[in-house]
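If you want the building blocks of each chain, they are given just below.
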Amino acid sequence: MSHVIVIGSGIGSLASALRLRAKGHKVKVIEANEKVGGKLDVHRSMGYRWDTGPSLFTMPHFVDELFKLFNENPREHFNYQKQPIVCNYFWEDGTRFSSNAQTEKFCEDAAKTFNEPKQKIADYLAKSALKYDLTASLFLEKSLHKFSTYTSIQAAKSVLKMGKLDIPSTLNEVNEASFSNPNLIQLFNRFATYNGSSPYKTPGIMSMIPTLEMQFGTFYPQGGMRSIVESLHALGERNGVEFFFNEKATSIDYSKGKITGVTTEKGFYNAEIVVSGIDAFYTYTSLLPKLKAPTKTLGQEKSSSAIIFYWGVKKSFPELDLHNIFFSENYREEFDAIFNQKKRSKDSTIYLNISSKADSNDAPQKCENWFVMINVPTNEGQNWKQLVAEAKTQIIEKLSRSLNINLNELIESEEVLDPVKIELKTSSHQGSLYGSASNSKFSAFLRHPNFSNQIKGLYFCGGSVHPGGGIPLCLKSGQIVADLIPEA
Ligand SMILES: Cc1cc2nc3c(=O)[nH]c(=O)nc-3n(C[C@H](O)[C@H](O)[C@H](O)COP(=O)(O)OP(=O)(O)OC[C@H]3O[C@@H](n4cnc5c(N)ncnc54)[C@H](O)[C@@H]3O)c2cc1C
């Protein structure tokens, strides 16, 4: 049995902690905040409740797996419902499209709305599923920095079918080659934002992402997104993981190339294994200042960040669903602003999430809890006060126009998050939502590995390292770490 310290209690850390505990190790989780969950936080005001971070839940079986490790029935502790409608889309030209969770119905509806042959859409989704099947277990479930990964049967299969993966093209090029309707191309280009990237840069292999929505489905957890981390925290407590809150780690300690423990603001904990679940940039700069940092890896382009308004809206809207997107008129200009000019686009696409559609307890009667998000660059010293004010004006105008309302008159509660606040709350370098962007064909290989080459016993999980950001991938990072560490 080894003593393991997991630093941070984001979703990746929780997965590592639970998996290592299930392998028989003695596990302590050290968290700087007063509660678990990192980006999966919650805000309440005037009878409204908002999940402040992630709102889209896919691959819920990755969470279930953690309960099963302890022979617990996940359904006794954590529940979720599949959503019949994945997302409602709105365009400025008046087009509206409700994306049905059933593939057959999606293809039928999309063919009618976008005037594209149904078979073409079905073929695109079938290719998307094939790309996922060929690569998921290789890229998402294993370390890309271990030789054994490349000698597996799965690796051989992927190499043989390399041509089908669309790696040399961009996502936009794949979508433009597949469809002629610009709105449908924009709909499929949107999947680049799943990991905070640009469809004009991210490789075509990202066209596998619709599979997550279409083949596996989108879900809403009972009690909201926050219930994911709360149920995993409770699972850990029931099974002997020790949690320490309001305790910031200040250094990772080692001697002769081997981990010795972790020092926090309150004291020293000895350990043979340390898993850092915080942003890799801060792991090196704050906790390992004397160690040579992998500057190329840490200096990679970051994923996008966001400005988010949490609005209590005193009206309900039957035309809206749990997830809604109001597209910009010029998507290329929008991503150019975010990734090249490091500015807010003047016509940002708006993502509107309303969890009270799934759980009426999240808002007072006849009201809705709006989570209104636009993608913006990471913090490089821009004037965020001004950008937030400009974003608010643009969003209110666009939503008022699209929904034929005066939104200003309907907002009765407001809270705002921007890249600076995201970094302050979760130590995410420059406020990026998903660690580094996937804006190049090599991004997957350039992410920080899940282990240290320099210190024996040091491991990494969470959104800033392999396989990347987002709840499902962070959960997988925890699994990869645990797979690298032998049973106690
Ligand atoms: C606004 C927003 C929307 C998003 N939307 C989605 C979505 O819809 N779907 C999706 O799947 N993903 C989404 N994401 C991404 C997802 O939230 C993240 O990829 C994921 O939650 C990151 O988890 P993590 O394990 O890296 O830890 P984090 O959540 O980053 O948590 C890190 C933890 O470490 C703690 N910590 C930091 N430094 C120290 C220290 N020195 N000592 C102790 N503790 C420390 C922090 O307090 C924090 O609790 C979104 C993110 C944001 C911000």
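Every value quoted in this text rests on a predicted model; they were computed, and no experiment measured them. (Residues numbered from 1 in each chain as written. Predicted model: local features only at pLDDT ≥ 70, side-chain atom pairs only at ≥ 80, totals over all residues. Heavy atoms only, no water.)

On to the packing of aromatic side chains, then. In total, this model carries 30 aromatic pairs according to the counting rule given. For the pair F57 and Y80, a centre-to-centre distance of 6.0 Å together with 85° between the ring planes defines the contact as edge-to-face. Residue F57 is found in strand β5 (residues 57–58), and its partner Y80 is found in strand β6 (residues 80–82); the two are separated by 23 residues along the sequence. Residue F57 is classed as buried on the basis of its relative accessible area of 0%. Residue classification places Y80 among the partly exposed positions, given a relative accessible area of 22%. Taking the centre distance of 5.1 Å and the plane angle of 50° together, the rings of Y124 and F179 count as tilted. You can see Y124 sitting in helix α4 (residues 118–140) and its partner F179 sitting in the loop between α7 (171–178) and α8 (182–189), a full 55 residues away along the chain. Its guanidinium or amino end placed over the ring of F191, R190 lies 5.2 Å from that ring's centre, counting from NZ or CZ. Across from the ring centre of F62, 4.1 Å away, lies the NZ or CZ of K476, which sits over that ring. (Phe/Tyr/Trp six-rings, centres within 6.5 Å; stacked < 30°, edge-to-face > 60°. Helix = DSSP H or I, 4+ residues; strand = E, 2+ residues; numbered from the N terminus. Buried < 20%, exposed > 50% of the residue type's maximum accessible area, 1.4 Å probe, protein only. Lys NZ or Arg CZ within 6 Å of the ring centre and 35° of its normal.)

Sheets are built from strands that pair by backbone hydrogen bonding, the pairs being arranged parallel or antiparallel. Judged by pairing direction, the sheet is antiparallel, and its 3 strands sit side by side in the order β5-β9-β6 without closing on themselves. Both edges of this open sheet fall to β5 and β6, since each of them pairs with a single strand only. Bridge count for β6 against strand β9 (residues 218–221) is 3 bridges, and the pairing is antiparallel. The residue of β9 that forms the bridge with Q81 is Y220. (Pairing = 2+ DSSP bridges.)

Another point: the site of the ligand. The full set close to the ligand counts 35 residues, and E31, K39, G463, G470 and I471 are the nearest of them. Contacts to the ligand include S55, whose backbone N or O atom sits 3.1 Å from an oxygen atom. Contact between the ligand and A249: a nitrogen atom at 2.9 Å from a main-chain N or O atom of the residue. Relative to its unbound accessible surface of 1,000 Å², the ligand loses 94% to contact with the protein. Broken down by element, the residue count for the shell around the ligand peaks at 3 residues, all from helix α17 (residues 471–484). (Near = heavy atom within 4 Å. Polar contact = N/O pair within 3.5 Å; in protein donor to acceptor, adjacent residues only side chain to side chain. Areas by Shrake-Rupley, 256 points an atom, 1.4 Å probe, with all protein chains shown as cover.)

Counted according to the given criterion, the structure contains 22 salt bridges. One salt bridge in this structure joins E65 and R19, with 2.8 Å as the shortest N-O distance. Taken together, the positions of E65 in helix α2 (residues 61–68) and R19 in helix α1 (residues 11–22) put the pair 46 residues apart, joining distant regions of the chain. Here E65 falls in the partly exposed class, since its relative accessible area comes to 27%. Since its relative accessible area comes to 12%, R19 is described here as buried. Note that E104 and K118 form a salt bridge whose closest N and O atoms lie 2.6 Å from each other. In this pair, E104 sits in helix α3 (residues 103–114) while K118 sits in helix α4, placing the two residues 14 residues apart along the sequence. (Salt bridge = Lys/Arg side-chain N within 4 Å of Asp/Glu carboxyl O.)

The strand order across the open sheet formed by 3 strands is β11-β12-β13, and the pairing between neighbours is antiparallel. Edge strands, defined here as strands with exactly one partner in the open sheet, are β11 (249–255) and β13 (268–270). Shown here is a sheet whose adjacent strand axes are inclined to one another by a mean of 25°, direction ignored. Sheet topology note: the β11/strand β12 (residues 258–264) ladder contains 6 bridges and is antiparallel. By the bridge assignment for β12, D253 is matched with G261. (Axes fitted to C-alpha atoms, helices over the stretch in contact; angles between N-to-C directions.)

With that settled, the discussion passes to the packing of α2 against α17. Look at α2 against α17: their axes get within 9 Å of each other, and the N-to-C directions meet at 35°. On α17, the residues that touch F62, V63, E65 and L66 of α2 are P472, L475, K476 and Q479. Within the contact of α2 with α17, the residues separate by chemical class into 5 nonpolar, 1 polar and 2 charged. (Contact = heavy atoms within 4.5 Å. Nonpolar A, V, L, I, M, F, W, Y, C, P; charged D, E, K, R; others polar.)

If you trace the backbone, P54 turns up in the loop between β4 (48–51) and β5. C-alpha separation for the pair P54 and V4, spaced 50 residues apart in sequence, amounts to 28 Å. Apart from residues lying up to four places away in sequence, P54 is in contact with K39, L40, M225 and I471.

A few words now on unusual backbone geometry. Each neighbour pair has its own omega, and for H466 with P467 the value is 5°, a cis peptide bond. Within the element layout of this structure, P467 appears in the loop between β20 (458–460) and α17. In the Ramachandran plot, N246 falls in the positive-phi region, its phi being about 50° despite a non-glycine side chain. Considering the arrangement of structural elements, one finds N246 in the loop between β10 (242–244) and β11. For K366, which is not a glycine, the phi torsion comes out positive at approximately 60°. Residue classification places K366 among the exposed positions, given a relative accessible area of 70%.

Neither face of β9 is exposed, since T218 and Y220 on one face and F219 and P221 on the opposite face are all buried. In the sheet, β5 pairs with β9 via 2 bridges, with the strands oriented antiparallel. The residue bridging F57 from the neighbouring strand is F219, located in β9.

Here N324 is to be found in strand β16 (residues 323–326). Accessibility expressed as a relative area gives 0% for N324, which makes it buried. At a separation of 2.7 Å, a polar atom in the side chain of N324 contacts the main-chain carbonyl oxygen of D321.

This is a description of form; function is not addressed.
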